[in-house]
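Per-entry structural report
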Amino acid sequence: MTKFAAFMILAMVRLAVTLPAYESLAGLSEREIGEFININGVARIPNPPAPLPENDNGLKLVNDPAHPFIAAGPNDIRGPCSALNTLASHGYLPRNGAARPDQLVTGVMEGLNLGNDFAKFLVYQAFLMNGNPLTNLMSIGMKTPETGPDPPKPALVGGLSQHGTFEGDTSMTRVDAFFRDQAVFNETLFQEFTEFSTKYGFNGTYDLNAVAELRHQRLLDSMANNPELVFASPRILSAYSEAVFPTIFFVDGRLNNRQLTIDAARHFFDFQMMPADFHRQPAPVNFTIIDPLVSEIFNKHPFTPGVNKGKGNFVLMLETPSLSDFCGIYEDIVLRVIPGQYPKPTGALKQALNTNLDFFYGAVSAEHDCKQVFPYGK
Ligand code: HEM
Ligand SMILES: *[C@@H]1O[C@H](CO)[C@@H](O)[C@H](O)[C@H]1NC(C)=O
Ligand SMILES: *[C@@H]1O[C@H](CO)[C@@H](O)[C@H](O)[C@H]1NC(C)=O
Ligand SMILES: *[C@@H]1O[C@H](CO)[C@@H](O)[C@H](O)[C@H]1NC(C)=O
C-alpha cells in the first residue's frame, strides 16, 4: 500500500504538470486520457488469489492479536457493507478503506472464509461497477481521490456506496438513497431487524425464518414509501444474498448453527467489529451452500422485479432477469450495466476492463453453467 500510495502521489504530481487539475480525469478527451496513460501507465493487475491452502482453510480464530480492532479514523472510509467495514477495521483489508480487488478477495477468504469463487464473484462484480480500472483500486464506501485519477465519464468510479450500481434499495440496516445517506448504519432499522428476529427467529436470533420475513418487509416498506424504488437486476441478487450472509458468516464457526444473535449482529453491523474470540466458518463457503438458502427465502415470499413510478405504484419490469436466472443477471451486468459506464473503451482501459471481465466470468462459471459474453469483443 505505501509503495503504491507513493506511486500515486508521484503520478499525480507528474500529471499536475501536464493537466490543469489532477483529482479527476473526468470529462477529458480520449487523447488526454491516452496521454495520462502514456505518462503514468496503468496499474499492474495481479491475477486473482488462489483458494486458501487445504491446511489453512478451516476453523480459525480471526479476531486475533495480529488483527486488532481499531475504529476507523476520520480519513478511513467505511460504507454500506458490514462485512467489508469490519474486515477493514481488523486489518484484513487496508484500514483506510481503499483496496485492490486481489486484496479484497484475500481479505474475505482469510477473515470470513468465503470460498474462492464466491469471493471473486462479489469482488470483481463490484470492482467493474465501482472501482478504478486504471489504478486497480476501489473504495469500500464513498467516492474518494484515494483511488486515483478517474477514466473518462460516464465512468463513475463511485466506490461501493454509489447508489444504483451494486448498492441499491431495500437494504436491511440502511435507508434507501431517496431518503438520505444510503451507506450509513441506521438504528431504527436495526431495531426492526431485532424485532423480526424476536418474532420469527429461533430463540430471538436472526435465522433463515427471520431473514425471509425481514427481507419481504423491507421490500414492502420501499414499495409503499420510496417513490423512486428500483428493484430489478442486478440489485435483486445482492439484496437477497446479503440478507442470508449474516446467518452464515457472522455466526461463530465453532457453533455454526445459522442463528445469529443480536449481540453478534450489533458488533458487525453497528460497531464494525468482530465479537471477542470470533472464529470464522469451518470450511470455505461457496455458491453450493448459498444458492439454496437464497431460493428458500425467495420461495416464502416470491416477488417480480420492478420499479416504483411514485409511492405505492410498483410497475413490474418483465424484461429484467428474475432472481433465479443467475446467468441472465450475469449477462445484464456485463452487457448493460458495465457498458453504461464504459460505452467505448479503447487501449489500456479496454484491456483492463477485459481482464477484470475475464476474472469475473471465471467466478461466474465455476459453479454455474453460464456462457461468457463479451461487451467489447474477444
Ligand atoms: C466479498 C465482497 C463483498 C462486496 C464487494 C460487498 C459489497 C456490498 C455492497 C456494495 C453492499 C451494499 C448493498 C446495499 O445494501 O445497498 C453490501 C451490503 C451488505 N453486505 Fe457485503 N459485500 C461483500 C461481502 C460480504 C460478505 C462476505 C458478507 C457477510 C456477511 C456481506 C454482508 C453484507 C450485508 C449483510 C449487507 C447488507 C447491509 C444491509 O442491507 O443493511 N458482504 N455489500
Ligand atoms: C433511520 O431510518 C428511519 C426509518 O426509515 C428514519 O425515519 C430516520 O430518519 C433514519 N435516521 C437517520 C439518522 O438517518
Ligand atoms: C437461547 O438464547 C440464550 C441467550 O442468548 C442462550 O443462553 C440459550 O442457550 C439459547 N437457547 C437455545 C436453546 O439455543
Ligand atoms: C462447496 O462446498 C461444499 C461444502 O464445503 C463442498 O462439499 C463442495 O465440494 C464445494 N463445491 C465446490 C464446487 O467447490
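Residues numbered from 1 in each chain as written. Chains lettered and ligands numbered in written order. Predicted model: local features only at pLDDT ≥ 70, side-chain atom pairs only at ≥ 80, totals over all residues. Heavy atoms only, no water.

Attention now goes to the coordination of the iron atom of ligand 1. Only one protein atom coordinates the iron atom of ligand 1: Cys 81 (SG), located 2.3 Å from the metal. With respect to the helices and strands, Cys 81 occurs in the loop between helix 2 (30-40) and helix 3 (82-89). (Donors = N, O, S within 2.8 Å, 3.2 Å for Na, K, Ca; no water. Helix = DSSP H or I, 4+ residues; strand = E, 2+ residues; numbered from the N terminus.)

Another point: helix 9 (residues 262-271). Every buried residue of helix 9 is listed here: Ala 264, Ala 265, His 267, Phe 268 and Phe 269. Projected down its long axis, helix 9 shows its buried positions confined to an angular sector of 165°, all on one face. Elements that come into contact with the buried residues of helix 9 comprise helix 3, helix 6 (187-200) and helix 8 (235-249). Count one or two residues on from helix 9 and you reach Gln 272, which has phi positive near 55°. (Buried < 20%, exposed > 50% of the residue type's maximum accessible area, 1.4 Å probe, protein only. Arc of directions from axis to C-beta. Contact = heavy atoms within 4.5 Å.)

Right, let's talk about the site of ligand 4 for a bit. In the neighbourhood of ligand 4, the contacting residues comprise Asn 286, Thr 288 and Glu 367. Separating an oxygen atom of ligand 4 from a side-chain N or O atom of Asn 286 is a distance of 2.3 Å. When the free accessible area of ligand 4 is taken as 360 Å², the share hidden by the protein chains comes to 39%. (Near = heavy atom within 4 Å. Polar contact = N/O pair within 3.5 Å; in protein donor to acceptor, adjacent residues only side chain to side chain. Areas by Shrake-Rupley, 256 points an atom, 1.4 Å probe, with all protein chains shown as cover.)

Taken in spatial order, the three strands of this open sheet run 3-4-5, and their pairing is antiparallel. The open sheet has two edge strands with one neighbour each: strand 3 (230-231) and strand 5 (314-316). Across three bridges, the pairing between strand 4 (residues 306-308) and strand 5 is antiparallel. Following the sheet pairing, Val 307 is matched in strand 5 by Val 315. (Pairing = 2+ DSSP bridges.)

With that settled, the discussion passes to the confidence of the model for the protein chain. Summing up the model confidence of the protein chain, the mean pLDDT is 93 and the portion of residues at 70 or higher is 91%. Note on residues 1-24: pLDDT is under 50 here. Beyond four places in sequence and across chains, it has 29 contacts. (pLDDT = per-residue confidence, 0-100.)

What follows deals with the nonpolar core. Core analysis: the largest hydrophobic core is formed by 93 residues, its most contacted members being Tyr 206, Tyr 240, Phe 249 and Phe 360. Excluding residues that lie within four positions of it along the chain, Tyr 206 makes contacts with Met 172, Phe 193, Ser 197, Val 211, Leu 214, Ala 243, Pro 246, Thr 247, Arg 258, Gln 259 and Leu 260. (Core = buried A, V, L, I, M, F, W, Y, C linked by side-chain atoms within 4.5 Å.)

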